Structure formats: structure tokens, C-alpha cells
Amino acid sequence: MSAVDIQATRDAGQQLQLRLAQRLDLGLTLSVLALLGLGLVMVASASIGIADRNLGDPLYFLKRQAVYVVLGLAAAALAYRIRLAYWEASAGLLLGFAYFLLILVLVPGVGVTVNGSTRWLSLGLFNLQVSEVAKLLFTLYLAGYLTRHGRAVREQFAGFLRPMLLLAGASLLLLMEPDFGAAVVLMAIGLAMLFLAGAKLWQFALLLGGVATALAMLAITTPYRMARLTAFLDPWNDPFNSGFQLTQSLIAIGSGSWFGVGLGASVQKLFYLPEAHNDFLFAVLAEELGLVGITVVVLLYGWFLWRSFGIGRAAEQAGQLFGAYLAYGVGVWVSLQAFINMGVNMGLLPTKGLTLPLMSYGGSSMLMTCAAVGLLLRVHRETVESGPLRVGRVMGGRGA
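Colleague: Report on the overall build of the chain, specifying residues and quantitative values.
Modeller: When helices and strands are tallied, the chain shows 16 helices and three strands. Within the span of the chain, comprising 400 residues, buried residues form 51% of the whole. Restricting the contact set of the chain to residue pairs at least 6 apart, pairs at least 24 apart contribute 71%. As displayed, the chain has an accessible area near 17,900 Å², and 68% of this comes from carbon and sulfur atoms.

Listed below in C-alpha cells is the structure:
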């Protein structure tokens, strides 16, 4: 092969790489695929005992989770193919649909009740948790609102207050299910997006203080939430009742040490740790893969947040404000929920029914989070197509 042919091959490879980078943010894509793959492995490991004992099929939960991942990737592909302009134009309808679902699940005989909470709508293959849908739809609505009324948010208290009242209404419906954790995440997404849009600090601090006070009063005045707080502060005071879940999680994490007991060798997942393949998947991962596994997971979520904000910043510089706010909102949502889940598993936060995004077992969270990833990738694509960007930024490197 001549030197000309070698150079032509190199040029063709570079052009292919550049076209791929223009279509997908490689850093974000690889981190998501890594979380999905690791999640499948850990769901299989964490659920094999309970699935064999209760259902007679040790791979029952793994099979269903694999289906959820496939459906999630399909949702991501669909969201990626739809232009952001359509999402922006439909912001009001999406808000109405979110409220419709939040009200529908509370209608007697419609919502599915599990462990005293009515949070789901039956779809046959799985139960749809409406709070997961609401997070995505409210993020889209807020991105559209901030694009249209960004100046009012920065200069007028009314512009800042309107979206917060809508969020407060949705949070109230979530508390009626009850789903305290989802209400906290939804309010946090809204506050973060408004802050990034330039809301005045005194307005932000005033509202944040009010929300924190209201949530604290709600927790203190509700007996079962107060019991969770008490268990969180001293789980060893009642290790076989209110503190059982957390103490078992702490035992699992402590047993993992530096390198873990080995994949599949967890003891806590067998009969001790409730919801081992769902809310407490992180504890099983810590036991089996140790501090090394924990570090990998934390870095993957940290990279997800970094790339989300990098995509948002690039979109903002390109004048794509809707895409920018959407990227910021999705980054805050996924990383905050991951932080809360890991904090609960490690005893740093009170127990909440929040999954570990892209990893925990469950169809609703997987579908909505993957759809959000598809939207993030769409923001990246439209930002690149809107004008020239440095190759390093396109490839997800420095300067992004």
C-alpha cells in the first residue's frame, strides 16, 4: 500500500470519527453504556437468590431487566430522533399530561398500591411509576419556560414564582401517593434550573428556605417519616425493626472492604437485605466489588454530570437555550437521584424509595432515564449542527 493510500485511509477514518462524534457525545454514551452493563450484572447477582426462592427462576429479574434496557434504548433512540423544536412547542401539553398522570394515579381503583403507596399505573408488562414520567415532563416544561421567560425569571419575582407554584402543585400530588423522595427530587430539579437560568440569589434563598422548612415540618409531623429520620440518625438503636434495612446495608458495604468479597459472593443479598436488586443495589455492589467498585460507579455518574453540563454550556454558547436548560435539568436529575440513592445506602441520608438511575431494577426509571439520555444526545447533535465547534469539544474532551 502506497503512502497516498495510507494517508487516504487515515483521512477517511478521521472523517468517520468526526461524523460519529457529531452524532453522539462519545463520553456520555460510553458512561451510560457502562452504567447499563454494570447494572445488568449487579441486578443478576443481587436478585438470583430471591428469584430462585420465590419464583423458581434464578434469572427472572435479570430477564425482565434486560427487556427494560432494550425498551429504554428504544425510548432513547426515539427521543433522539425528534427535533428539540417539537419538544419546546409541546411544553404546555407535556405539563398538562404530567398533571393528568399525577391525578389519575390517585383515582380509586386506577392506581396500583404497593406497601401502602399508590404510585403506579398498570401497563401489563410492568407498572408505570408516574413520578418518573413527571420528572422528565417537568424538566422539558421548565426548559421551555426558561427559554421563553428567562428575562422575567431574572428580573421579576412573578416570573420566578410561577414555575415554582406549578412544581409545588405537582409535589403536593406526589405527597398524596405518598412519594416524598420524588417530591424532593422534582423540587430540586426546578430550583437548580431556575438558579442556572439566573434567578436572583435572594429569591432563590427565600424559596429554598421555605421549601426546606415545609419538607422538614412534613417529615416531623408524619409518624412514619419521623421514624425513618430516627432510624437514619441511629439505626443501631432498633436494628431488627425501623433500622433493619440500613443496618443490613451498612454491614454489606463494610464487608466489601477494598476489593469486595467477589462478584456473586454477597451474603447480605440472600436473605437479609430487603430490595437488594432495587433501592439497595449499591450496597450489594459495594459488598461484592468493594471500594474499587464504588469508586467506578461514582466516577461514572460524575462523568455523566460533567458531560451533561458540558453539552448544556456548548448549547448555551450556540444560542440553543432550550437545549441548554434541558441538558442542565437532566444532568441535575440523574446525578442528584444517584447521590441520594448512594447516600441512603451509606446512611448519609434518610431512607427514600429512589432507584439508582440506569442500574437498579425497574421499568419506569429505566425508560424515563434512557429517554432523558436520548434528549441529551439530541441537544449535542443540534448544537454541533448549529455552528462550528472545536473538535475537542465535539469529541467530549477539554473545552466541552
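Colleague: Please set out the packing of helix α8 (residues 180-196) against helix α14 (residues 321-345) residue by residue, giving values where relevant.
Modeller: Packing of α8 against α14 leaves a shortest axis separation of 9 Å and a crossing angle of 140 degrees. With respect to each other, α8 and α14 are oriented oblique. The chirality of how α8 crosses α14 is right-handed. Where α8 abuts α14, its residues V185, A188, I189, A192, M193 and L196 lie against Y325, Y328, G329, V332, W333, L336, Q337 and I340. Among the residues making up the contact of α8 with α14, the classes are represented as 12 nonpolar, two polar and no charged.

Colleague: I'd love a proper account of a nonpolar patch on the surface, names of residues and values included.
Modeller: A contiguous nonpolar surface patch, about 540 Å² in accessible area, is contributed by W258, F259, L291, V292 and V296. Residue class for L291 comes out partly exposed when judged on its relative accessible area of 37%.

Colleague: Explain α14 residue by residue, including any values.
Modeller: Over its 25 residues, α14 runs 36 Å from end to end, which matches the ideal 36 Å to within 8%, given 1.5 Å per residue. Along α14, 22 of the 25 residues are buried, which leaves the element largely enclosed by surrounding structure.

Colleague: So, the environment of A371: which residues are in play, and what are the values?
Modeller: With respect to the secondary-structure elements, A371 resides in helix α15 (residues 363-386). The exposure class assigned to A371 is buried, which follows from its relative accessible area of 10%. As for A371 and L73, which are separated by 298 residues in sequence, their C-alpha atoms are 7.7 Å apart. Beyond its immediate sequence surroundings of up to four residues, A371 is in contact with A75, A76, A79 and L136.

Colleague: Pulling in residues and values, what's your account of the pairing of strand β2 (residues 117-122)?
Modeller: By the criterion of burial, β2 is predominantly enclosed, with five of the six residues buried. With four bridges joining them, strand β1 (residues 111-114) and β2 adopt antiparallel strand pairing. When the sheet's bridge partners are listed, G111 is paired in β2 with L121. Here β1 hands over to β2 after two residues, with N115 in that stretch at a positive phi of 55 degrees.

Cut-offs and rules
- Residues numbered from 1 in each chain as written.
- Predicted model: local features only at pLDDT ≥ 70, side-chain atom pairs only at ≥ 80, totals over all residues.
- Heavy atoms only, no water.
- Helix = DSSP H or I, 4+ residues; strand = E, 2+ residues; numbered from the N terminus.
- Buried < 20%, exposed > 50% of the residue type's maximum accessible area, 1.4 Å probe, protein only.
- Contact = heavy atoms within 4.5 Å.
- Areas by Shrake-Rupley, 256 points an atom, 1.4 Å probe, with all protein chains shown as cover.
- Axes fitted to C-alpha atoms, helices over the stretch in contact; angles between N-to-C directions.
- Parallel < 35°, antiparallel > 145°, perpendicular 65-115°, else oblique.
- Left-handed = near helix turned anticlockwise from the far one by under 90°.
- Nonpolar A, V, L, I, M, F, W, Y, C, P; charged D, E, K, R; others polar.
- Patch = residues over 30% accessible without salt bridge, like charges linked within 9 Å, V, L, I, M, F, W, Y side chains within 5 Å.
- Salt bridge = Lys/Arg side-chain N within 4 Å of Asp/Glu carboxyl O.
- Expected span 1.5 Å × (residues − 1).
- Pairing = 2+ DSSP bridges.

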